[in-house]
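The lines below spell out each chain.
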Amino acid sequence: MTWCNNFLVAREVLYLCKFGIAPYFADQLLEKVRSSSNYVLLFDETLNKDLQEKQMDIYVCIWDGNRVASCYQSSEFLGHARAVDMLEIFNPVISNLGHRGLLQLSMDGPAVNWKLYELLRHDIAHSTPLKMLEIGSCGLHVLNNAF
(Lines give C-alpha, C1' and ligand atoms only; values in the text may rest on other atoms or scores of the structure.)
Protein backbone atom coordinates (compact mmCIF):
# COMPACT_ATOMS: atom_id res chain seq x y z
CA MET A 1 0.00 0.00 0.00
CA THR A 2 2.99 2.38 0.19
CA TRP A 3 2.94 2.98 -3.56
CA CYS A 4 -0.68 4.11 -3.23
CA ASN A 5 0.21 6.50 -0.40
CA ASN A 6 3.14 7.86 -2.43
CA PHE A 7 0.83 8.37 -5.41
CA LEU A 8 -1.68 10.31 -3.30
CA VAL A 9 1.04 12.49 -1.78
CA ALA A 10 2.47 13.18 -5.25
CA ARG A 11 -0.99 14.24 -6.50
CA GLU A 12 -1.40 16.59 -3.54
CA VAL A 13 2.03 18.13 -4.12
CA LEU A 14 1.29 18.56 -7.83
CA TYR A 15 -2.04 20.21 -7.02
CA LEU A 16 -0.39 22.53 -4.50
CA CYS A 17 2.31 23.57 -6.98
CA LYS A 18 -0.05 24.11 -9.91
CA PHE A 19 -2.89 25.90 -8.11
CA GLY A 20 -1.12 27.35 -5.08
CA ILE A 21 2.48 28.32 -5.78
CA ALA A 22 2.49 28.79 -9.58
CA PRO A 23 -0.21 31.50 -9.66
CA TYR A 24 1.67 33.44 -6.98
CA PHE A 25 4.88 33.49 -9.03
CA ALA A 26 2.96 34.31 -12.21
CA ASP A 27 1.42 37.34 -10.46
CA GLN A 28 4.85 38.41 -9.19
CA LEU A 29 6.28 38.25 -12.73
CA LEU A 30 3.32 40.18 -14.13
CA GLU A 31 3.75 42.89 -11.51
CA LYS A 32 7.49 43.18 -12.24
CA VAL A 33 6.96 43.43 -15.99
CA ARG A 34 4.20 46.01 -15.63
CA SER A 35 6.37 48.14 -13.33
CA SER A 36 9.31 48.11 -15.77
CA SER A 37 9.28 50.45 -18.73
CA ASN A 38 10.12 47.82 -21.37
CA TYR A 39 10.37 44.09 -21.79
CA VAL A 40 11.55 41.61 -24.40
CA LEU A 41 9.69 38.41 -25.27
CA LEU A 42 11.79 35.41 -26.20
CA PHE A 43 10.46 32.16 -27.56
CA ASP A 44 11.86 28.90 -28.77
CA GLU A 45 10.21 25.85 -30.25
CA THR A 46 11.62 22.40 -29.71
CA LEU A 47 10.35 18.88 -30.04
CA ASN A 48 9.17 17.47 -26.73
CA LYS A 49 10.59 13.97 -27.00
CA ASP A 50 8.20 12.46 -24.46
CA LEU A 51 5.03 13.75 -26.14
CA GLN A 52 6.41 13.90 -29.70
CA GLU A 53 4.87 17.36 -30.11
CA LYS A 54 6.39 20.75 -30.79
CA GLN A 55 6.64 22.77 -27.57
CA MET A 56 6.98 26.55 -27.57
CA ASP A 57 8.51 28.08 -24.44
CA ILE A 58 8.00 31.81 -23.83
CA TYR A 59 10.30 33.89 -21.64
CA VAL A 60 10.27 37.54 -20.59
CA CYS A 61 13.40 39.66 -20.13
CA ILE A 62 13.31 42.84 -18.05
CA TRP A 63 15.72 45.17 -16.28
CA ASP A 64 15.64 44.24 -12.61
CA GLY A 65 17.70 46.75 -10.64
CA ASN A 66 21.16 46.64 -12.18
CA ARG A 67 20.78 43.34 -14.05
CA VAL A 68 18.73 41.75 -16.78
CA ALA A 69 16.33 39.10 -15.52
CA SER A 70 15.07 36.38 -17.84
CA CYS A 71 11.92 34.73 -16.47
CA TYR A 72 9.92 31.77 -17.70
CA GLN A 73 6.42 32.83 -18.79
CA SER A 74 4.69 29.77 -20.20
CA SER A 75 4.82 26.77 -22.51
CA GLU A 76 2.39 25.67 -25.19
CA PHE A 77 2.16 22.52 -27.26
CA LEU A 78 1.70 23.36 -30.92
CA GLY A 79 1.97 20.41 -33.22
CA HIS A 80 2.57 21.80 -36.71
CA ALA A 81 1.83 25.51 -36.22
CA ARG A 82 1.47 28.36 -38.65
CA ALA A 83 2.28 31.96 -37.73
CA VAL A 84 -1.40 32.78 -37.12
CA ASP A 85 -1.63 29.82 -34.70
CA MET A 86 1.40 31.10 -32.81
CA LEU A 87 -0.07 34.62 -32.73
CA GLU A 88 -3.15 33.24 -30.93
CA ILE A 89 -0.80 32.03 -28.19
CA PHE A 90 1.11 35.31 -27.99
CA ASN A 91 -1.90 37.64 -27.91
CA PRO A 92 -3.06 36.78 -24.37
CA VAL A 93 0.53 36.95 -23.08
CA ILE A 94 1.15 40.36 -24.61
CA SER A 95 -2.24 41.76 -23.64
CA ASN A 96 -1.53 40.80 -20.00
CA LEU A 97 1.93 42.37 -20.09
CA GLY A 98 0.94 45.41 -22.16
CA HIS A 99 1.59 46.31 -25.79
CA ARG A 100 3.32 49.58 -24.95
CA GLY A 101 6.28 47.99 -23.19
CA LEU A 102 7.17 45.30 -25.76
CA LEU A 103 10.62 46.32 -26.93
CA GLN A 104 11.68 43.33 -29.01
CA LEU A 105 10.71 39.79 -29.99
CA SER A 106 13.66 37.43 -29.82
CA MET A 107 13.44 34.17 -31.75
CA ASP A 108 15.33 31.81 -33.99
CA GLY A 109 15.19 32.43 -37.71
CA PRO A 110 12.67 30.18 -39.53
CA ALA A 111 10.29 31.89 -41.96
CA VAL A 112 7.21 31.14 -39.83
CA ASN A 113 8.76 33.11 -36.97
CA TRP A 114 9.37 36.12 -39.22
CA LYS A 115 5.74 35.92 -40.34
CA LEU A 116 4.72 35.90 -36.66
CA TYR A 117 6.89 38.98 -36.11
CA GLU A 118 5.15 40.81 -38.97
CA LEU A 119 1.67 39.86 -37.71
CA LEU A 120 2.56 40.91 -34.19
CA ARG A 121 4.05 44.19 -35.34
CA HIS A 122 0.88 44.90 -37.31
CA ASP A 123 -1.34 44.13 -34.28
CA ILE A 124 0.72 46.31 -31.95
CA ALA A 125 0.62 49.23 -34.40
CA HIS A 126 -3.14 49.46 -33.78
CA SER A 127 -2.74 49.95 -30.02
CA THR A 128 0.42 52.07 -29.62
CA PRO A 129 2.55 54.37 -31.77
CA LEU A 130 5.70 52.72 -30.38
CA LYS A 131 7.46 50.14 -32.52
CA MET A 132 9.44 47.05 -31.64
CA LEU A 133 13.18 47.05 -32.29
CA GLU A 134 14.15 44.98 -35.28
CA ILE A 135 17.71 43.81 -34.69
CA GLY A 136 17.50 40.39 -36.29
CA SER A 137 15.98 37.16 -35.13
CA CYS A 138 18.13 36.63 -32.05
CA GLY A 139 18.99 39.88 -30.32
CA LEU A 140 21.47 38.16 -28.05
CA HIS A 141 23.74 37.12 -30.94
CA VAL A 142 23.53 40.49 -32.69
CA LEU A 143 24.28 42.53 -29.57
CA ASN A 144 26.97 40.14 -28.38
CA ASN A 145 28.76 40.38 -31.73
CA ALA A 146 28.47 44.19 -31.62
CA PHE A 147 30.57 44.23 -28.43
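Predicted model, so just to flag it, every value in this text is computed and none were measured. (Residues numbered from 1 in each chain as written. Predicted model: local features only at pLDDT ≥ 70, side-chain atom pairs only at ≥ 80, totals over all residues. Heavy atoms only, no water.)

Chemist: I'd like to hear about the pattern of salt bridges, residue by residue, with values.
Modeler: On inspection of all chains with the given rule, the structure shows 4 salt bridges. Here Arg-67 and Asp-64 are joined by a salt bridge, their closest N and O atoms 3.2 Å apart. Here Asp-64 falls in the partly exposed class, since its relative accessible area comes to 22%. For the salt bridge of Glu-118 with Arg-121, the shortest nitrogen-to-oxygen distance reads 2.7 Å. Here Arg-121 and Glu-118 lie together in helix α3 (residues 111-125), a separation of 3 residues that amounts to about one turn. Using a relative accessible area of 33% as the deciding quantity, one classes Glu-118 as partly exposed. (Salt bridge = Lys/Arg side-chain N within 4 Å of Asp/Glu carboxyl O. Buried < 20%, exposed > 50% of the residue type's maximum accessible area, 1.4 Å probe, protein only. Helix = DSSP H or I, 4+ residues; strand = E, 2+ residues; numbered from the N terminus.)

Chemist: Can you break down a nonpolar patch on the surface residue by residue, with the values?
Modeler: On the surface, Leu-16, Ile-21, Tyr-24 and Phe-25 cluster together to form a nonpolar patch covering roughly 440 Å² of accessible area. Its place among the elements puts Leu-16 in helix α1 (residues 2-35). (Patch = residues over 30% accessible without salt bridge, like charges linked within 9 Å, V, L, I, M, F, W, Y side chains within 5 Å. Areas by Shrake-Rupley, 256 points an atom, 1.4 Å probe, with all protein chains shown as cover.)

Chemist: I'd love a proper account of helix α2 (residues 83-97), names of residues and values included.
Modeler: Across its 15 residues, α2 extends 20 Å between first and last C-alpha, which sits within 8% of the 21 Å expected from 1.5 Å per residue. At Phe-90, α2 is deflected by roughly 30°, the largest bend along its length, and proline Pro-92 occurs up to four residues later in sequence. Within α2 the residues assigned to the buried category are Ala-83, Met-86, Leu-87, Ile-89, Phe-90, Val-93, Ile-94 and Leu-97. Looking at the residues trailing α2, positive phi occurs at Gly-98, about 105°. (Expected span 1.5 Å × (residues − 1). Bend = angle between axes of the 7 residues up to and from the residue.)

Chemist: Go over the sheet that holds strand β4 (residues 102-106) with me, naming the residues and quoting the values.
Modeler: Taken in spatial order, the 4 strands make up an open sheet running β3-β2-β1-β4, and their pairing is mixed. With partners counted over all chains shown, the strands left at the sheet margins are β3 (67-77) and β4, one partner each. Geometrically, the sheet is characterised by an average inter-axis angle of 25° between neighbouring strands, direction not taken into account. The sheet contact formed by strand β2 (residues 53-64) and β3 spans 10 bridges and is antiparallel. In the strand pairing of β3, Asp-57 is matched with Ser-75. Set on the sheet, α2 makes contact with β1 (39-48), β2, β3 and β4; between it and β1 the angle comes to about 145°. (Pairing = 2+ DSSP bridges. Axes fitted to C-alpha atoms, helices over the stretch in contact; angles between N-to-C directions. Contact = heavy atoms within 4.5 Å.)

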